[in-house]
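Residues per chain are reported as follows:
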Amino acid sequence: MSRRHLSCRRPLLATLAAFAVLTGTAAAAPADTPRAPAAAATPLGALDDTYYQDALGKTGTALKGALHTIISDQSTLTYSQVWDALKDTDEDPSNSSNVILLYSGRSEPKSDNGGGTDQWNREHVWAKSHGDFGTATGPGTDIHHLRPADVSVNSIRGNKDFDNGGSEVSGAPGNYTDSDSFEPRDAVKGDVARMILYMAVRYEGDDSFADLEPNDQVSNGSAPNIGRLSVLKAWSQEDPPDTFEKRRNDVIFDQYQHNRNPFVDHPEWVDAIW
């Protein structure tokens, strides 16, 4: 981890500790109390005073550039490590032995991961062929856009862009697809939008990977683009971050990559940039 990242996180952790004492959450839990996956989200004020301080007050390309610098300071995972990470980030709040699958919403045992029918695998929300990054460490293993998904539904989504419409997906009510696009269920429309826009800010072409950018079309093929931007923006407004998405952002920040999805913390930055 870089010095810059450490210097940012130390005051943040100190602030969070103080916040816990003031709110009475610092008391030790009984020894037999199970771990609660739906922990309170990180206080936004503490993040703004530390993590996001260089982005506040900016809009447009200036905001996008500042956020790119901030979130590019991260730890990376191998594709194999992603399996275990997703078992933490997407844990079912009602059953710590399970994960919640992105598109179907089904609660599935963590151990039932693999490539078989009705198992769950690793879905690249920004399809890895859009920019040809595969499963290479970097965008191919960035768990801010990797989610557990039913193997069959993942295959149906494939590398399609996101848009409204189509026929309902078998085995995943509320999801729709046609020849060139995929529409996720209402409960995760905003999640999908914010993951796509995170990738567009994080990967700007200043490393060995393509400059990933959203556009307002579908059928993008292998170009480093995903659409439709206008639909994604609408989805982000219609489905604001919930407790599950906020917790996921915290777990990735605290335990794995040590960077955040800024659009989960500040959904208003979507319109401020695009």
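Residues numbered from 1 in each chain as written. Predicted model: local features only at pLDDT ≥ 70, side-chain atom pairs only at ≥ 80, totals over all residues. Heavy atoms only, no water.

So, the overall build of the protein
Consideration 1: Along the backbone of the protein there are 10 helices and 11 strands.
Consideration 2: Buried positions account for 52% of the 274 residues belonging to the protein.
Consideration 3: By element, 51% of the accessible surface of the protein is carried by carbon and sulfur atoms, the whole surface being about 11,600 Å². (Helix = DSSP H or I, 4+ residues; strand = E, 2+ residues; numbered from the N terminus. Buried < 20%, exposed > 50% of the residue type's maximum accessible area, 1.4 Å probe, protein only. Areas by Shrake-Rupley, 256 points an atom, 1.4 Å probe, with all protein chains shown as cover.)

Side note on the pattern of salt bridges
Consideration 1: Under the defined criterion, the tally for this structure stands at 17 salt bridges.
Consideration 2: In this structure, Glu 213 and Lys 64 form a salt bridge, with 2.7 Å as the shortest nitrogen-oxygen distance. One end of the pair, Glu 213, is in strand 10 (residues 213-214); the other, Lys 64, is in helix 3 (residues 60-71), and 149 residues separate them in sequence. Here the two residues Glu 213 and Lys 64 agree in accessibility, since each one is buried.
Consideration 3: The closest approach of N and O atoms between Arg 106 and Glu 108, which form a salt bridge, is 2.9 Å.
Consideration 4: Judged by relative accessible area, Arg 106 falls into the partly exposed class, the value being 28%.
Consideration 5: Each of the salt bridges in this network shares a partner with another, and the network as a whole consists of Lys 64, Glu 204 and Glu 213. (Salt bridge = Lys/Arg side-chain N within 4 Å of Asp/Glu carboxyl O.)

What about the sheet that holds strand 9 (residues 181-183)?
Consideration 1: Read across the sheet, four strands follow the order 6-9-8-7 without closing on themselves; strand pairing throughout is mixed. In this open sheet, the two edge strands, each paired with only one partner strand, are strand 6 (161-162) and strand 7 (167-168).
Consideration 2: Relative to strand 9, strand 6 runs parallel, the two sharing two bridges. Bridging from a neighbouring strand, Phe 162 pairs with Phe 182 of strand 9. (Pairing = 2+ DSSP bridges.)

Some remarks on helix 3
Consideration 1: Helix length check: helix 3, at 12 residues, gives a terminal C-alpha distance of 17 Å against a target of 16 Å (1.5 Å per residue), a fit within 8%.
Consideration 2: Among all positions in helix 3, only Leu 63, Lys 64, Ala 66, Leu 67, His 68, Ile 70 and Ile 71 are buried. (Expected span 1.5 Å × (residues − 1).)

Focus: unusual backbone geometry
Consideration 1: In this model, Gly 227 is joined to Arg 228 through a cis peptide bond whose omega is -5 degrees.
Consideration 2: Here Arg 228 shows up in the loop between strand 11 (225-226) and helix 7 (229-238).
Consideration 3: Despite not being glycine, Asp 132 has its phi angle at roughly 55 degrees, a positive value.
Consideration 4: Locating Asp 132 in the fold gives a position in the loop between strand 4 (120-124) and strand 5 (146-150).
Consideration 5: Judged by its relative accessible area of 67%, Asp 132 falls in the exposed class.

Concerning the sheet that holds strand 2 (residues 95-100)
Whether parallel or antiparallel, the strands of a sheet pair through hydrogen bonds between backbone atoms.
Consideration 1: Strand order in this open sheet of three strands is 1-2-3, and the pairing throughout is antiparallel. Only two strands of the sheet have a single partner each, and these edge strands are strand 1 (91-92) and strand 3 (107-109).
Consideration 2: With two bridges connecting them, strand 1 and strand 2 associate as antiparallel partners. Bridge pairing in strand 2 places Asp 92 opposite Asn 95.

Comments concerning the packing of aromatic side chains
Consideration 1: Under the criterion given, the structure shown has seven aromatic pairs.
Consideration 2: With a centroid separation of 4.9 Å and 75 degrees between ring planes, the pair formed by Tyr 51 and Tyr 52 is classed as edge-to-face. This pair shows no difference in class: Tyr 51 is buried, exactly as Tyr 52 is.
Consideration 3: Taken together, a centroid distance of 5.3 Å and an interplanar angle of 85 degrees make the contact between Tyr 52 and Trp 269 edge-to-face. (Phe/Tyr/Trp six-rings, centres within 6.5 Å; stacked < 30°, edge-to-face > 60°.)

Some points on the packing of helix 3 against helix 6 (residues 189-202)
Consideration 1: Between helix 3 and helix 6, whose axes approach to 8 Å, the crossing angle comes to 90 degrees. When the axes of helix 3 and helix 6 are compared, the pair comes out roughly perpendicular. Touching Lys 64, Leu 67, His 68 and Ile 71 of helix 3 are Tyr 198, Ala 200, Val 201 and Arg 202, all from helix 6.
Consideration 2: Grouping the amino acids of the contact of helix 3 with helix 6 by side-chain chemistry returns five nonpolar, one polar and two charged. (Axes fitted to C-alpha atoms, helices over the stretch in contact; angles between N-to-C directions. Parallel < 35°, antiparallel > 145°, perpendicular 65-115°, else oblique. Contact = heavy atoms within 4.5 Å. Nonpolar A, V, L, I, M, F, W, Y, C, P; charged D, E, K, R; others polar.)

Let's talk about the environment of Glu 168
Consideration 1: When you line up the elements, Glu 168 lands in strand 7.
Consideration 2: With a relative accessible area of 47%, Glu 168 lands in the partly exposed category.
Consideration 3: Here the alpha-carbon distance between Glu 168 and Arg 185, two residues 17 residues apart in the chain, equals 9.9 Å.
Consideration 4: Sequence-distant contacts of Glu 168, defined by excluding residues within four places in its chain, comprise Pro 173, Gly 174, Asn 175 and Tyr 176.
Consideration 5: At a separation of 2.8 Å, a polar atom in the side chain of Glu 168 contacts the main-chain amide nitrogen of Gly 174. (Polar contact = N/O pair within 3.5 Å; in protein donor to acceptor, adjacent residues only side chain to side chain.)

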